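Understanding the architecture of this molecule
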Amino acid sequence: MDVGWFTTTNLLRRLLKSPDAEPHVRVPSAESGAPTDPYTQSLGTNMQLPENEHGHDYYVGDIHGELGLLQVSLDEVGFVYGRDRLISVGDLISRGPDSLGVVELFLNEPGFYFTPGNHEVMLLNVVTRADEERRWDWELRYGSWFSDISVDQQNRVVEFLSAAPLAIEVGQRAGLPIGVTHADWPSDKPFGTELDMEVAVELAFSEPTSYDAPPEQIATWSRLRADGMKRIKIDPNAKATSRKDARIAIASTEPVSGVRELIVGHNPQKGRQPAAIANVLFLDSAVAARNGALTLYRPDLMQCYVRPKRAARKEPAWIDRPCAIEAPGWSSRTTHHLGTIPRGPAG
């Protein structure tokens, strides 16, 4: 195992340090019949995907190793492999039964993309930093699956995760693109600002306390907007308990500029249902919990598909995309109106 960790560490250091390193991504060939997306990507920073002219785009919340649940959900919504695309908000790994299987699916399947979450950057941190206590604590809590796989598999996982874009822009037929990060994006920075994977990895175990934190940390770890949203639900008249709470709540209502909507995960929502504030949509339905769910989103239909892990207790269902929370007491610019976006066909 020591040899495996050493090999993986050296591999990731080369990937993060070398400006000439090639992203570990799949571009399907024209002969395969799958979409050949001419996207652009900087190593571990940002990705721009064009409009999907071949099929539909589905966005998925945190997966956490639930490979079987993901595959069942895709079958139930009629996902067409090689035509439709799946874009994940990250946290592919940890907690669930098959983290490696989820990584392999995104590594090998054309049209599958993801942006790393806090669990991916934590893994990258422990394999590159000489902090034995943190490494063993992480392995005990989240990383036993990684220790159980072969050295070659570890290297493949690390190479793939380290090349993932911290932000994804997805082109639309008209208007602004859709943005994707794991957790959030600061409203005072245009979406798509270049990010640095090495910064995200360095800050992998620290949660930001304000929007003044590095955007890499906001993108992978922030709970600020979700916390602000909870405060607004509790107290829409803005009677905050402190000036800091008020600033966070006000900031949470500001739309992210440069995108039609920002799709994130990371923050499990009440009732295992998606939620929205301003132009930010939260898709984490606590899939790692015993009674959790997996949520898919189709923007052209403005609908989410919520698939519980224990379907016998609650039936899977399509639901309308949640509207942004109105909070007039917090800000004069609370709602990014998505109602004008035309709905796609039901097919």
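Not measured: the values here are computed from a predicted model. (Residues numbered from 1 in each chain as written. Predicted model: local features only at pLDDT ≥ 70, side-chain atom pairs only at ≥ 80, totals over all residues. Heavy atoms only, no water.)

**As for the side chain of His 266**
Quick reminder of the rule: Helix numbering and strand numbering both begin at the N terminus, where a helix is a DSSP run of H or I of at least 4 residues and a strand a DSSP run of E of at least 2. Type-normalised accessible area, obtained with a 1.4 Å probe on protein chains alone, sets the label of each residue: buried when under 20%, exposed when over 50%, and partly exposed for intermediate values. Here a polar contact is taken to be a pair of N or O atoms separated by no more than 3.5 Å, where protein atoms must pair a possible hydrogen donor with a possible acceptor and residues adjacent in sequence count only if both atoms sit in side chains. We call two residues in contact when some of their heavy atoms are within 4.5 Å.
Mapped onto the elements, His 266 comes out in the loop between β8 (261-264) and β9 (275-277). Relative accessible area serves as the criterion here: at 5%, His 266 is assigned to the buried category. Within the local environment of His 266, its side chain forms a polar contact with the side chain of Asn 118, the two groups lying 3.2 Å apart. If near-sequence neighbours (up to four positions away) are discounted, His 266 is found in contact with Asp 62, Asn 118, His 182, Ala 183, Thr 220, Trp 221, Ser 222, Arg 223 and Asp 284.

**Regarding the packing of aromatic side chains**
Heads up, the condition is: Any Phe, Tyr or Trp ring, taking Trp's six-membered ring, that has another such ring centre within 6.5 Å forms a pair; planes under 30 degrees apart are called stacked, those over 60 apart edge-to-face, and the others tilted. Working rule: Lys NZ or Arg CZ, within 6 Å of ring centre, within 35 degrees of ring normal, means a charge sits over the ring.
According to the stated counting rule, one finds 12 aromatic pairs in the structure shown. Taking the centre distance of 5.0 Å and the plane angle of 80° together, the rings of Phe 79 and Tyr 81 count as edge-to-face. Here Tyr 81 falls in the partly exposed class, since its relative accessible area comes to 34%. Geometrically, the ring pair formed by Phe 114 and Phe 160 is tilted, given 5.4 Å between the ring centres and 45° between the ring planes. Of the two residues, Phe 114 is situated in strand β5 (residues 112-114) and Phe 160 in helix α6 (residues 151-162); the sequence distance between them amounts to 46 residues. The exposure classification of Phe 114 matches that of Phe 160, with both residues buried. Ring-pair connections join several aromatic residues into one group, and the members of that group are Tyr 58, Phe 79, Tyr 81, Phe 106, Phe 112, Phe 114 and Phe 160. The residue whose ring lies beneath Arg 135 is Trp 136, and the NZ or CZ to ring-centre distance is 4.2 Å.

**Side note on the pattern of salt bridges**
This is how the line gets drawn: In the sections that follow, a salt bridge refers to a side-chain nitrogen of Lys or Arg positioned within 4 Å of a carboxyl oxygen of Asp or Glu.
Taken as a whole and judged by the stated rule, the model has 15 salt bridges. One salt bridge in this structure joins Glu 104 and Arg 156, with 2.5 Å as the shortest N-O distance. With Glu 104 in helix α3 (residues 99-108) and Arg 156 in helix α6, this pair connects stretches of sequence that are 52 residues apart. Overall, the relative accessible area of 30% leaves Arg 156 in the partly exposed class. Residue Glu 207 is joined to Arg 223 by a salt bridge in which the shortest nitrogen-to-oxygen separation is 3.9 Å. Taken together, the positions of Glu 207 in the loop between α7 (197-202) and α8 (215-221) and Arg 223 in the loop between α8 and α9 (224-234) put the pair 16 residues apart, joining distant regions of the chain.

**Comments concerning the environment of Tyr 81**
The residue Tyr 81 is located in the loop between α2 (67-76) and β4 (85-88) in this model. Expressed as a C-alpha distance, the spacing of Tyr 81 and Phe 112, which sit 31 residues apart in the sequence, is 9.4 Å.

**As for the nonpolar core**
Test applied: Grouping buried Ala, Val, Leu, Ile, Met, Phe, Trp, Tyr and Cys residues that are joined through side-chain atoms within 4.5 Å yields what is termed a nonpolar core.
Counting residues in each nonpolar core, the largest one holds 61 residues, and the members touching the most others are Leu 70, Leu 86, Phe 106, Leu 123 and Phe 146. In terms of residue count, α3 provides more of this core than any other element does, 6 residues in total. The contact partners of Leu 86, leaving out residues within four places of it in the chain, are Tyr 58, Val 60, Leu 70, Leu 74, Phe 79, Phe 106, Gly 111, Phe 112, Tyr 113 and Leu 296.

**What to know about the sheet that holds strand β3 (residues 57-60)**
Applied cut-off: Two strands qualify as a pair provided DSSP detects at least 2 bridges between them. Every axis corresponds to a line fitted to the C-alpha atoms, with the helix fit spanning only the stretch in contact, and the corresponding angles, defined between N-to-C directions, vary from 0 to 180 degrees.
With respect to topology, 6 strands assemble into an open sheet ordered β5-β4-β3-β11-β12-β13, the strand pairing being mixed. Looking along the sheet, the strands with just one partner apiece sit at the ends: β5 and β13 (317-320). Pairwise comparison of adjacent strand axes, ignoring direction, gives a mean angle of 25° for this sheet. Pairing between strand β11 (residues 293-298) and strand β12 (residues 303-308): 6 bridges, direction antiparallel. Bridged to Leu 296 within β12 is Tyr 305. On the sheet, α2 packs against β3, β4, β5, β11 and β12 and is oriented at approximately 135° with respect to β12. Sitting on the sheet, α3 is in contact with β4 and β5, with an inclination near 115° to β5.

**Here we look at α6**
Spelled out, the test is: The span expected for a helix works out to 1.5 Å for each residue beyond the first.
When the terminal C-alpha atoms of α6 are compared, their 16 Å separation across 12 residues agrees well with the 16 Å that a helix rising 1.5 Å per residue should span. Of the positions making up α6, those classed as buried are Gln 154, Asn 155, Val 157, Val 158, Phe 160, Leu 161 and Ser 162.

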